[in-house]
Amino acid sequence: MNMSDILANKVVVVTGASSGIGRAIAIRAAEHGARAVIVSDVTEAPREGGEPTAAVIEALGVTARFVKADVSKRTDNDALVAAAEDLGGVDVFVANAGITLRTDGADVPEEDYRRLMSVNLDGPLFGAQAAARSMKAKGKAGSIVLMASMGGLVGAGITVAYSTSKGGVVLMAKSLADALGPDGIRVNAVAPGTIDTELLRTAAGIAEASEGFRKRTPLRRLGQPSEIGDAVAYLGSDLSSYVTGHALTVDGGLLAVI
Ligand SMILES: NC(=O)c1ccc[n+]([C@@H]2O[C@H](COP(=O)([O-])OP(=O)(O)OC[C@H]3O[C@@H](n4cnc5c(N)ncnc54)[C@H](O)[C@@H]3O)[C@@H](O)[C@H]2O)c1
């Protein structure tokens, strides 16, 4: 179903798009009229799968391809952005890939901490750098969307490393917005609340905490990945042409009352 054409003529690249929120962002981009969507992930089939996600998008009549990329590697981000060149170049780059740790907390082990930072913090920076270079070279007024979290706006003892990384993502969006604004490139962050994905079930303590969050959320339910997809579609589209350096919470109102 075509929900709108707010992304008409846009080439959208989404990292971590084989599952959960990233998959929904990629599919929603197609439903909001994108011309082409690149579905990217570190492995082809962690959960729902990269190729099947690209197939869903193709079935909507939108050009799609799966590109394998590990966002923690600069060269993979460069290759990912290069994969959009023959489609006309990236217009909307969504740095969505992110991980949580079972070992998070005050005593998070060094190796796990560094692995998390390499995905959650290095990944968005390398991706945004590659996307911005391509946009600048083509004179595109592109949009870069970084996936933060409500955990990047308020602290939590069970997610010391995760929250630190996501807080960094929020300031990365604001700083890149300043650096790239003169070139017409917008950079924003999305800060989801509790969204119903595998991540909720795999992170230490989050599954238990999420039921408490649900009860405290004004809308009294978890969010759906497609609801983050719609927020990203807005930030990727020209409807948000004067919005940059913003962290958009999509949390059912939780941070308004917590
Ligand atoms: N689910 C929530 O409640 C929630 C809340 C706030 C923020 N987020 C953020 O949303 C994003 C998506 O999370 P999700 O809930 O869909 O989880 P998810 O685990 O379903 O999706 C994360 C995706 O990132 C991919 N990935 C992991 N390491 C990668 C790497 N090195 N390179 C490329 N891809 C990699 C995984 O394969 C997976 O497909 C994450 O950044 C997460 O921190 C989620």
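Residues numbered from 1 in each chain as written. Predicted model: local features only at pLDDT ≥ 70, side-chain atom pairs only at ≥ 80, totals over all residues. Heavy atoms only, no water.

- If you look the protein chain up in an unreviewed UniProt entry, it shows as D-xylose 1-dehydrogenase from Caulobacter radicis.
- In the Sequence similarities (unreviewed entry) part of its UniProt record, the protein chain is described as follows: "Belongs to the short-chain dehydrogenases/reductases (SDR) family." (UniProt positions renumbered as here; feature names shortened; annotations may be inferred.)

1. Details of a nonpolar patch on the surface
Point 1. Together, L153, V154 and I258 make up an exposed nonpolar region whose accessible area comes to about 240 Å².
Point 2. Among the structural elements, I258 can be located in the segment after helix 9 (254-257). (Patch = residues over 30% accessible without salt bridge, like charges linked within 9 Å, V, L, I, M, F, W, Y side chains within 5 Å. Areas by Shrake-Rupley, 256 points an atom, 1.4 Å probe, with all protein chains shown as cover. Salt bridge = Lys/Arg side-chain N within 4 Å of Asp/Glu carboxyl O. Helix = DSSP H or I, 4+ residues; strand = E, 2+ residues; numbered from the N terminus.)

2. With respect to the site of the ligand
Point 1. Near the ligand there are 28 residues, and of these I21, D41, R47, Y162 and T197 occur at the shortest range.
Point 2. Here an oxygen atom of the ligand sits 2.8 Å away from a polar atom, N or O, in the main chain of I195.
Point 3. Here T197 contributes a side-chain N or O atom positioned 2.5 Å from an oxygen atom of the ligand.
Point 4. When the ligand sits alone it has 830 Å² of accessible area, and the protein chains cover 93% of it.
Point 5. Of all the elements in the fold, those that place two or more residues in the shell around the ligand are helix 1 (20-31), helix 5 (160-180) and helix 6 (198-202). (Near = heavy atom within 4 Å. Polar contact = N/O pair within 3.5 Å; in protein donor to acceptor, adjacent residues only side chain to side chain.)

3. Structural notes on the UniProt feature "transmembrane region" (unreviewed entry) in the protein chain
Point 1. The feature "transmembrane region" (unreviewed entry), as annotated in UniProt, sits at residues 143-162 in this numbering.
Point 2. End-to-end, the C-alpha atoms of residues 143-162 are 25 Å apart, and along that stretch the chain is 15% helix and 25% strand.

4. Some points on the sheet that holds strand 5 (residues 143-147)
Point 1. Taken together, the 7 strands give an open sheet; going across it, the order is 3-2-1-4-5-6-7, and neighbouring strands pair in parallel fashion. The sheet terminates laterally at strand 3 (63-68) and strand 7 (247-250), the two strands that pair on one side only. For this sheet, the mean inter-axis angle between neighbouring strands, taken without regard to orientation, is 20°.
Point 2. Across 3 bridges, the pairing between strand 1 (residues 11-14) and strand 4 (residues 92-95) is parallel. The residue bridging V12 from the neighbouring strand is V92, located in strand 4. (Pairing = 2+ DSSP bridges. Axes fitted to C-alpha atoms, helices over the stretch in contact; angles between N-to-C directions.)

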